[in-house]
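One letter stands for each residue in the lines below.
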Amino acid sequence: MDFVSGLRCRECGRTYPAEALHVCDFCFGPLEVTYDYERVAATISRERIESGPRSIWRYADLLPVRDAAPVDLGAGFTPLVRADRLAAELGLGELWIKDDTANPTGSFKDRVVSVALTKARQLGFKVAACASTGNLANSVAAHAARAGMDSVVLIPHDLEKAKVTMTSVYGGRVFAVQGSYDDVNRLCAELTSEQPEWAFVNVNVRTYYAEGSKTLAFEVAEQLGWQAPDHVVVPIGSGSQLTKVAKGFAELYTVGLLDEEPSVRVSGAQAAGCSPVATAFAEGTDVIRPVKPDTIAKSLAIGNPADGWYALDTIRRSGGACAAVTDAEVLDGIRLLARTEGIFAETAGGVTIATLAKLAAEGVIRSDERVVAMITGHGLKTVEALADVVGPTATIAPTLDSFAEAMAADAASTLRSSL
Amino acid sequence: MIKVRIPAQLRTLTGGVGEVPMEGATVGEVLKGLDAAHAGFAERIFDADGGLRRFVNVFLDEEDVRFLDGLGTPVTDGQTLSIVPAVAGG
Ligand SMILES: Cc1ncc(COP(=O)(O)O)c(C=O)c1O
Ligand SMILES: [Zn+2]
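All of the points below concern the structure found in this document. (Residues numbered from 1 in each chain as written. Chains lettered and ligands numbered in written order. Predicted model: local features only at pLDDT ≥ 70, side-chain atom pairs only at ≥ 80, totals over all residues. Heavy atoms only, no water.)

Within chain B, the regular secondary structure consists of two helices and five strands. Over its C-alpha atoms chain B spans a radius of gyration of 12 Å, differing by no more than 12% from the 12 Å that the globule rule assigns to 90 residues. Expressed along its principal axes, the backbone C-alpha trace of chain B runs to roughly 30 × 30 × 25 Å. Buried residues in chain B amount to 54% of all 90 residues. For chain B, contacts bridging at least 24 residues in sequence account for 51% of all contacts bridging at least 6. Here chain B carries 8 positive and 13 negative side-chain charges, and the mean point of each set is 8 Å from the other. (Helix = DSSP H or I, 4+ residues; strand = E, 2+ residues; numbered from the N terminus. Rg over C-alpha atoms; globule rule 2.2 N^0.38 Å. Buried < 20%, exposed > 50% of the residue type's maximum accessible area, 1.4 Å probe, protein only. Contact = heavy atoms within 4.5 Å. Lys, Arg positive; Asp, Glu negative; His and termini not counted. Charge placed at Lys NZ, Arg CZ, Asp CG, Glu CD.)

Here it is as structure tokens:
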């Protein structure tokens, strides 16, 4: 038994049964899962969670589906790493990295997909589908294979090679669409009307899918000894993850797992080449103007973000900020994280670190705050982005002389660049 | 003739039909014509000020009309107008 009481429109409040619905029939607003928190509170406890599986499913009481054998590759319960060297470089105090590169397919999308397909299977769907900027594609293809479901994945044609290979290897159908992610997304939104028997994880079962991102907040709080941080930095594509991270912290308090009411500042990170939310934040408006993305952070290249408005609202209410960083800053961010903490992130992680650096430099993120940065995808997925900026120190002959010569040359150039 | 594609959520208004032929010179005219032919469209897709609701996307062929002239965007014979819920993706 789960504790879901139904679905509710975020805009007009109309309620619906917990079926494969994602949009309010009346106003087209997004539907949100509602829970019977009193019943959750009566059941859930820190001990119950701590004795659960080392995956997102330890938080099943606060997820929209319960299943004795969920569609599961082991998503979640990723490391929360104290990042003192990075903090020192940025002039911050207590900084943590939530290392979601450690998920089964290398991104936080495994959280949302495990939830979405578990629910989809219960609802009777046999086919898993999605529109994806890459990471979701990897995860849907993998989890569908795990569940013995067919998969149909649609991606923009110009994704990074690793993401295309990693999607195709699982044997499902993969369509590379000649267009941007927003084109793919529109196509899939139209397809759900024609193929209602397919579970598009981020369209017709999006309501359930989105809830999976709450587990990022649950884990962070548990890993901090059942305390919420003061500030989190979250990358924004559609804006879903950011809004659900905020919801996650609030829910923990609602059901009695946190002693103090959390007041977490939530800040958003975008790439300058696709920054509709950061732009609206900077301009102080409520209107998210769609853009045509142009950035190396392809996983975040959503020009018309479905939850952009809610992400903006969450950021403002929480006292956070939203900033955008250039592609060059993204590459610097990837290298900074790798060099200081030994974590290799994809471009979305570069966006997060560069935004963290920027907001720290501006004094928006303060050194007296306990800060968590969400690093949501693995660097091996986007190696192309780094092709021109990292590589071997030197290519040498297999001789001691050649090695000594190259070492000396490198030492000299290191010395020159440090002068 | 303009082909208007109707999402599943609004097909109760068209008797289950997913594609409706309409006439009109602009996106706004076509959508108002749709409401005249199948009562109920206007209150579902327009907000109180007569603009498109926040969570309704309208595409002329493949382009979001917000990148064009919005409801004032001219339409010509043979084009397709798609009404698509905005809440998707990510
Ligand atoms: C690695 C990574 N981080 C963050 C995001 C953004 O998540 P959301 O679309 O929920 O804002 C995505 C995908 O969209 C992603 O692939
Ligand atoms: Zn509604």
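On inspection of all chains with the given rule, the structure shows five aromatic pairs over all chains. Note on Trp-198 of chain A and Phe-200 of chain A: the rings are 6.1 Å apart at their centroids and 35° apart in plane angle, and the pair reads as tilted. For Phe-200 of chain A, a relative accessible area of 0% translates into the label buried. Ring-pair connections join several aromatic residues into one group, and the members of that group are Trp-309 and Tyr-310 of chain A together with Phe-55 of chain B. Directly above the ring of Phe-26 of chain A sits Arg-14 of chain A, whose terminal nitrogen or CZ lies 4.0 Å from the centroid. Across from the ring centre of Phe-59 of chain B, 5.5 Å away, lies the NZ or CZ of Arg-186 of chain A, which sits over that ring. (Phe/Tyr/Trp six-rings, centres within 6.5 Å; stacked < 30°, edge-to-face > 60°. Lys NZ or Arg CZ within 6 Å of the ring centre and 35° of its normal.)

Before going further, it helps to spend a moment on the interface of chain A and chain B. For an interface, size is often stated in terms of accessible area lost upon the parts coming together. Across the contact, 32 residues belong to chain A and 27 residues belong to chain B. With both sides pooled, the region where chain A packs onto chain B buries about 2600 Å², and carbon together with sulfur makes up 56% of that total. The largest per-residue losses of area from chain A upon contact with chain B belong to Phe-26, Phe-28 and Arg-186 of chain A, which jointly make up 26% of the total buried on that side. At the boundary of chain A with chain B, the tally comes to five salt bridges. (Buried area = accessible area lost by both parts, 1.4 Å probe. Salt bridge = Lys/Arg side-chain N within 4 Å of Asp/Glu carboxyl O.)

Moving on to the coordination of the zinc ion (ligand 2). Residue and element names in this part refer to chain A. Coordination sphere of the zinc ion (ligand 2), protein contribution only: Cys-9 (SG), Cys-12 (SG), Cys-24 (SG) and Cys-27 (SG), at 2.3 to 2.4 Å. Geometry at the zinc ion (ligand 2) is tetrahedral, judged from the four donor atoms that bind it and their angles of 98 to 116° at the metal. In the primary sequence, the donor residues of the zinc ion (ligand 2) line up as C-x2-C-x11-C-x2-C. Of this pair, Cys-12 sits in the loop between strand E1 (4–9) and strand E2 (15–16) while Cys-24 sits in the loop between E2 and strand E3 (31–35), and the two are twelve residues apart along the sequence. (Donors = N, O, S within 2.8 Å, 3.2 Å for Na, K, Ca; no water. Tetrahedral: all angles 85-135°; square planar, octahedral: opposite > 155°, others 65-115°.)

Right, let's get into the side chain of Ser-213 of chain A. Among the secondary structure elements, Ser-213 of chain A is positioned in the loop between helix H8 (206–211) and helix H9 (214–223). Residue classification places Ser-213 of chain A among the buried residues on the basis of a relative accessible area of 1%.

Here the focus is the pairing of strand E12 (residues 322–325) of chain A. Residue and element names in this part refer to chain A. Burial along E12 is two-sided: the residues Cys-322 and Ala-324 and Ala-323 and Val-325 are all buried. One ladder, built from four bridges, connects strand E11 (residues 265–271) with E12; its direction is parallel. By the bridge assignment, Ala-271 is partnered in E12 with Val-325. (Pairing = 2+ DSSP bridges.)

A few words now on helix H5 (residues 135–147) of chain A. Residues and elements named next belong to chain A. Look at H5: 18 Å from first C-alpha to last across 13 residues, which is about the 18 Å you get at 1.5 Å a residue. For H5, the buried fraction is high: ten of the 13 residues fall into the buried class. All buried positions along H5 are accounted for by Asn-135, Leu-136, Ala-137, Asn-138, Ser-139, Val-140, Ala-141, Ala-142, His-143 and Ala-144. On its buried face, H5 sits against helix H4 (109–122), strand E6 (127–131), strand E7 (150–156), helix H6 (161–168) and H8. (Expected span 1.5 Å × (residues − 1).)

For the rest of this paragraph, the subject is the pattern of salt bridges. Residue and element names in this part refer to chain A. Tallying each qualifying case throughout the model produces 35 salt bridges over all chains. A salt bridge links Arg-206 to Asp-307, with the nearest nitrogen and oxygen atoms 2.7 Å apart. Here Arg-206 is found in helix H8, whereas its partner Asp-307 is found in the loop between helix H11 (276–283) and helix H12 (308–318), with 101 residues between them in sequence. Of the two residues, Arg-206 and Asp-307, neither departs from the other in class, the shared state being buried. By sharing partners, the salt bridges in this structure join Arg-10, Glu-32, Glu-211, Lys-214, Lys-244, Lys-247 and Glu-251 into a single network.

Another aspect to go through is the sheet that holds E7 of chain A. Residue and element names in this part refer to chain A. Taken together, the four strands give an open sheet; going across it, the order is E8-E7-E6-E9, and neighbouring strands pair in parallel fashion. Of all strands in the sheet, those bounded by a partner on one side alone are strand E8 (173–177) and strand E9 (198–200). Recorded for the sheet is a direction-independent mean angle of 20° between the axes of neighbouring strands. Note that E6 and E7 share five bridges and pair parallel. Bridge pairing in E7 places Val-127 opposite Asp-150. H5 rests against E6 and E7 of the sheet, and its axis sits at about 175° to E6. Contacting E6, E7, E8 and E9, helix H7 (residues 181–194) runs over the sheet at an angle of about 145° to E7. (Axes fitted to C-alpha atoms, helices over the stretch in contact; angles between N-to-C directions.)

What follows is about a nonpolar patch on the surface. The grouping of Ile-396, Phe-403 and Met-407 of chain A at the surface amounts to a nonpolar patch, some 290 Å² of accessible area in total. For Phe-403 of chain A, the location among the structural elements is in helix H15 (residues 400–418). (Patch = residues over 30% accessible without salt bridge, like charges linked within 9 Å, V, L, I, M, F, W, Y side chains within 5 Å. Areas by Shrake-Rupley, 256 points an atom, 1.4 Å probe, with all protein chains shown as cover.)

Here we come to unusual backbone geometry. Of note, Phe-28 of chain A is a non-glycine position whose phi angle comes to about 70°, a positive value. When you line up the elements, Phe-28 of chain A lands in the loop between E2 and E3.

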